[in-house]
Amino acid sequence: HNRLLSIIGEVSGTSISFPGTQVYVSGDENTNYNDICFFSDSSVNRVVITYNQTSGSTGPYTISGAVNISNPSSPTINFGAAVNLGISSDILSPVLTYVPTDNVAVLSYVDTGNSNKGTSRIVSCSSGGVISYAPTNYADSPKFHDGNTLSGGVSTTYDSQNDKIIYAFEGNESDGRAVVGTINDAKNSISFGSEVIFMITNIQGSNNNPRIRASYD
């Protein structure tokens, strides 16, 4: 089984140690997982993880975990309830990008249940660890690439100067493309500018091995 585990690491200088024990993220050691991404939500001091739960084809879920250091010699992570994305099909190449100005994250992925379109959802986590998605209705999820099959995955980064999400991905002709996303004031949707081609060369990536990476400096 591809079990999903977590463990706390403690950094001291240039070394790292792992004083705690491994924890099953979902509490189910017999479930298979793949396509995992995560971010740290500093506003609620939690780790948020999105993954495909492939056993039984139940689709993608998001879950949050709170670090417990009441016993410093054996810290652990307590996870809440996992929340389904609203579909039973898997998502590919998921990435989570935290937006500190809004205290939310943008989940971007290739939607296998909708012709492999490039799709985004806003993910938020309450102080109690409850996960919610926006838009609430999965069918209303905004598309950063609404063309033909997106086969090369996606990479995103947050532009703190302009308060934007930058998407980079492989286009329909195996070219390199980028687009800018903006979260609305209500924090329940994302709008996108026009796609720009920055590389004509045949990239030949895949959803399991994207060849393009976005980074903000």
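Residues numbered from 1 in each chain as written. Predicted model: local features only at pLDDT ≥ 70, side-chain atom pairs only at ≥ 80, totals over all residues. Heavy atoms only, no water.

Colleague: Explain the overall build of the protein chain to me, please; I cannot follow it from the model alone.
Modeller: The helix and strand inventory of the protein chain stands at zero helices and 19 strands. Burial statistics for the protein chain: of 217 residues in total, 45% are counted as buried. For the protein chain, restricting intrachain contacts to residue pairs at least 6 apart in sequence, the fraction spanning at least 24 positions comes to 48%. A total accessible area of about 10,600 Å² is found for the protein chain, and carbon and sulfur atoms account for 46% of it. (Helix = DSSP H or I, 4+ residues; strand = E, 2+ residues; numbered from the N terminus. Buried < 20%, exposed > 50% of the residue type's maximum accessible area, 1.4 Å probe, protein only. Contact = heavy atoms within 4.5 Å. Areas by Shrake-Rupley, 256 points an atom, 1.4 Å probe, with all protein chains shown as cover.)

Colleague: Would you take a moment to explain unusual backbone geometry for this structure?
Modeller: The general pattern is negative phi for most residues beyond glycine and trans for most peptide bonds. Residue proline 135 is bonded to the preceding alanine 134 through a cis peptide linkage, with omega at -5°. Position of proline 135 relative to the elements: it lies in the loop between β13 (131–134) and β14 (143–145). Backbone geometry places asparagine 116, a non-glycine residue, at a positive phi of 55°. Checked against the element boundaries, asparagine 116 lands in the loop between β11 (104–111) and β12 (117–125). For asparagine 116, a relative accessible area of 16% corresponds to the buried category. The phi dihedral of aspartate 163 is positive, around 55°, even though this residue is not glycine. Position of aspartate 163 among the secondary structure elements: in the loop between β15 (154–159) and β16 (164–170).

Colleague: Looking at this model, I keep getting lost on the side chain of threonine 119. Mind explaining?
Modeller: In this structure, threonine 119 sits in strand β12. By relative accessible area, threonine 119 is classed as buried at 1%. A polar contact is formed between the side chain of threonine 119 and the backbone oxygen of lysine 117, at a distance of 3.3 Å. When residues no more than four places from it in sequence are discounted, the contact partners of threonine 119 are Leu107, Ser108, Tyr109, Asp111, Ser141, Pro142, Lys143 and Phe144. (Polar contact = N/O pair within 3.5 Å; in protein donor to acceptor, adjacent residues only side chain to side chain.)

Colleague: Help me understand the layout of surface pockets in this model?
Modeller: Take a probe with the size of a water molecule and roll it over the atoms, and the empty space left behind shows itself. Of the voids in this model, the largest pocket is the one considered here, and its volume is about 180 Å³. Elements represented by at least two residues in the lining of the largest pocket include exactly β1 (5–6), β5 (33–41), β6 (46–53) and β8 (76–79). (1 Å grid on protein atoms, 1.4 Å probe; cavity = no way out; pocket = protein on both sides within 12 Å on 5 of 7 lines; lining within 4 Å. Points joined across faces, edges and corners; volume = space filled by probe spheres on them.)

Colleague: Can you walk me through the packing of aromatic side chains in this structure?
Modeller: Aromatic ring pairs are defined here through the distance separating the ring centres and the angle between the ring planes. Taken as a whole and judged by the stated rule, the model has six aromatic pairs. Taking the centre distance of 6.5 Å and the plane angle of 65° together, the rings of phenylalanine 144 and phenylalanine 192 count as edge-to-face. Here phenylalanine 144, found in strand β14, pairs with phenylalanine 192, found in strand β18 (residues 190–192); they are 48 residues apart in sequence, far enough to count as distant. In this structure phenylalanine 144 comes out as buried when scored by relative accessible area, which is 3%. With a relative accessible area of 23%, phenylalanine 192 lands in the partly exposed category. Their ring planes at 80° and their centres at 5.3 Å tell us that tyrosine 167 and phenylalanine 192 sit as a pair that is edge-to-face. Of this pair, tyrosine 167 sits in strand β16 while phenylalanine 192 sits in strand β18, and the two are 25 residues apart along the sequence. In this structure tyrosine 167 comes out as buried when scored by relative accessible area, which is 0%. Pairwise contacts between aromatic rings join Phe144, Tyr167, Phe169 and Phe192 into one cluster. (Phe/Tyr/Trp six-rings, centres within 6.5 Å; stacked < 30°, edge-to-face > 60°.)

Colleague: In this structure, what is going on with the pattern of salt bridges? I would like to understand it.
Modeller: Charged atoms that come close allow side chains of opposite charge to pair. Scanning the entire structure with this criterion turns up three salt bridges. Notably, a salt bridge pairs aspartate 146 with lysine 117, separated by 3.4 Å at the nearest N-O pair. Taken together, the positions of aspartate 146 in the loop between β14 and β15 and lysine 117 in strand β12 put the pair 29 residues apart, joining distant regions of the chain. Since its relative accessible area comes to 16%, lysine 117 is described here as buried. Across the pair glutamate 195 and arginine 177 runs a salt bridge whose closest N-O atoms are separated by 2.9 Å. Residue glutamate 195 is found in the loop between β18 and β19 (196–199), and its partner arginine 177 is found in strand β17 (residues 176–183); the two are separated by 18 residues along the sequence. Each of Asp175, Arg177 and Glu195 takes part in one network of salt bridges that share partners. (Salt bridge = Lys/Arg side-chain N within 4 Å of Asp/Glu carboxyl O.)

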